[in-house]
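# Observations on chain architecture
This is what each chain is made of:
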Amino acid sequence: MMITPSAQPSSPLSAVLSRLFMLLAVSAMFGSGCTSAVTQLQRGRALQRLQFEVNLGTSLPLSDKAIRSAIEAEESIKKQLRDAEDGAEKLTENDARKLTEVAAALLLFTPLPSNEMSLRGGIGWGVDVGLRLTGPRKQIDAKWQALDVKRHGIDLGLSLAYGWHSSPAASLWESATSAAESLKIMDYQRRDLTLSVIGSRDIGDVFSMWLGLAYSRSSIRIGSKLTGVATDLGIAASALTIDETMQQIGGQLGFRVGYKYVFFVVEFSVMQAYFSPSILGQKVNLSGLLYTPTFALQVAF
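Residues numbered from 1 in each chain as written. Predicted model: local features only at pLDDT ≥ 70, side-chain atom pairs only at ≥ 80, totals over all residues. Heavy atoms only, no water.

### Concerning the pairing of strand β1 (residues 52–59)
Of the two faces of β1, only the one carrying E53, N55, G57 and S59 is buried; F52, V54, L56 and T58 on the other face are not. Sheet topology places β1 next to strand β3 (residues 114–124); eight bridges connect them, and they run antiparallel. Its bridge partner being in β3, S59 is matched across the sheet by S114. Pairing between β1 and strand β13 (residues 288–300): seven bridges, direction antiparallel. What sits directly across from G57, in β13, is A296. (Buried < 20%, exposed > 50% of the residue type's maximum accessible area, 1.4 Å probe, protein only. Helix = DSSP H or I, 4+ residues; strand = E, 2+ residues; numbered from the N terminus. Pairing = 2+ DSSP bridges.)

### Some remarks on a nonpolar patch on the surface
The grouping of L60, V206, V257, Y259, F264 and F295 at the surface amounts to a nonpolar patch, some 530 Å² of accessible area in total. Position of V206 among the secondary structure elements: in the loop between β7 (183–203) and β8 (207–226). (Patch = residues over 30% accessible without salt bridge, like charges linked within 9 Å, V, L, I, M, F, W, Y side chains within 5 Å. Areas by Shrake-Rupley, 256 points an atom, 1.4 Å probe, with all protein chains shown as cover. Salt bridge = Lys/Arg side-chain N within 4 Å of Asp/Glu carboxyl O.)

### A word on helix α4 (residues 93–108)
With 16 residues, α4 extends 23 Å between its outermost C-alpha atoms, agreeing within 8% with the 22 Å of an ideal straight helix rising 1.5 Å per residue. A large share of α4 lies buried, amounting to 13 of its 16 residues. (Expected span 1.5 Å × (residues − 1).)

### Some thoughts on the pattern of salt bridges
Applying the stated criterion across every chain, the model contains 13 salt bridges. Among the ionic pairs, R43 bridges to D202, the shortest N-O distance being 2.9 Å. Linking R43 in the loop between α1 (12–30) and β1 with D202 in strand β7, this pair joins segments that are 159 residues apart in sequence. The salt bridge involving R221 is made with D187; its shortest N-O contact spans 3.1 Å. Separated by 34 residues along the polypeptide, R221 in strand β8 and D187 in strand β7 bring together distant segments of the chain. Residue R221 is classed as partly exposed on the basis of its relative accessible area, which comes to 31%. Where salt bridges share partners, they join R43, R45, E53, D202 and R256 into one cluster.

### Quick word on the environment of T39
Along the chain, T39 falls in the loop between α1 and β1. Taking relative accessible area as the criterion, T39 reaches 8% and is therefore assigned buried. For the pair formed by T39 and G212, sequence separation is 173 residues and the distance between their alpha carbons is 9.0 Å.

### Let's talk about the side chain of R190
As for its placement among the helices and strands, R190 is situated in strand β7. Classification of R190 by relative accessible area gives buried; the value is 1%. At 2.9 Å, the side chain of R190 forms a polar contact with the side chain of S36. Of the polar contacts made by the side chain of R190, one reaches the side chain of D192; its length is 2.9 Å. (Polar contact = N/O pair within 3.5 Å; in protein donor to acceptor, adjacent residues only side chain to side chain.)

### Re the environment of E267
Checked against the element boundaries, E267 lands in strand β10 (residues 262–274). The exposure class of E267 is buried, given its relative accessible area of 0%. For the pair E267 and T292, spaced 25 residues apart in the sequence, the C-alpha separation amounts to 8.1 Å. The contacts of E267, once residues within four sequence positions are left out, are T39, Q40, L41, W210, Q252, L253, G254, T292, P293 and T294. Of the polar contacts made by the side chain of E267, one reaches the backbone nitrogen of Q40; its length is 2.8 Å. (Contact = heavy atoms within 4.5 Å.)

### Here's the deal with the confidence of the model for the protein
Of all residues in the protein, 70% attain a pLDDT of 70 or more, and the chain-wide mean is 80. Considering each helix and strand of the protein separately, the mean pLDDT is smallest for α1, with a value of 47, and largest for β10, with 97. Confidence drops under pLDDT 50 across residues 1–10; counting only partners more than four residues distant or on other chains, this segment forms eleven contacts. Between residues 19–30, whose pLDDT stays under 50, and residues either more than four places distant or in other chains, the model counts 26 contacts. (pLDDT = per-residue confidence, 0-100.)

This is the structure:
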C-alpha cells in the first residue's frame, strides 16, 4: 500500500515516527536492512575436514551523522515534490540530485536489523569454505589458515569473499518512502569483493576471540527515473543512473562462548565507507562510518 504525502506539513516527531514505522515494515517484509555491513563471524582457524559451523544471527547497523543526514534529507524536499506533482513549480536539477542521493543512501545503508544465516565447512589442507545469506545479499568465501597457534602463538587466516545482491530494490524504496511516487527505481545491481585477515585464539573448548581486518570493493549500479512531476530537466536527464564503485576498510572484534556444540557469538564491526557517486554531473558525498554489532547463535558439529 502506498503512503502519499499529506497536504498539511507534518510535525518533526510525526515525520520521524512515520519513517520508523515504514522502515520497520520493510524489515519485516524483506528480512534485511543494511546490506553494506561487513562481518566475519569466524575464527582465523580453519575447520577440519567435514567439520561444520552454522550461524543464525542479527546485525544492527548504525551509521554516522553523514549517512543518516543523507537518508533523512527527503524531508527537506517534500514541499518541492508536492509542488512539482501539482504542476505549481518545476523540480530543479538540485532537487532531483538530492532525491537520487536519498534513494542511494537508503538502499545501501538502510538503518534496520539484518538477519543472517551462514554455513561453513572444512575441506582439508587448512582450507574451509562458507555460504552466507543476509536477506537479499548472498556471499561465498574461502579461507586459508596461514599460521597455526601451536607454532606461531596465533591462528591466522586469509579470506576472500564474493557477494552479489538479488535485492527487491524497487519494492523496498516504494515501501519505505512516499517519494517513490516521484522517483522509480528501475534497476539495482551490486557485486562485492572482500579480502580479510583474521587472527584468533581459543581458550579450551569454551571461549574464542578473534580480530579481523577487512577491505571491500563494491561495484554498484542504481538506475532510476523521475515520473509524475514537472521538471526543468531534459528528457535524457530524467533517467538518473549511478554506476560507481564503493570501497570500505575497517575491522571486526569478535567473541564466542559455549561448550562443544553450541556457542553464543558477539561481534563488533567498524568500517569506513568511501562512496562519492556522480549524479547529474556533480559528485555527492555518501562516505561515512558504519558501526555493526552482531549477535548470533552458532552450532558446531
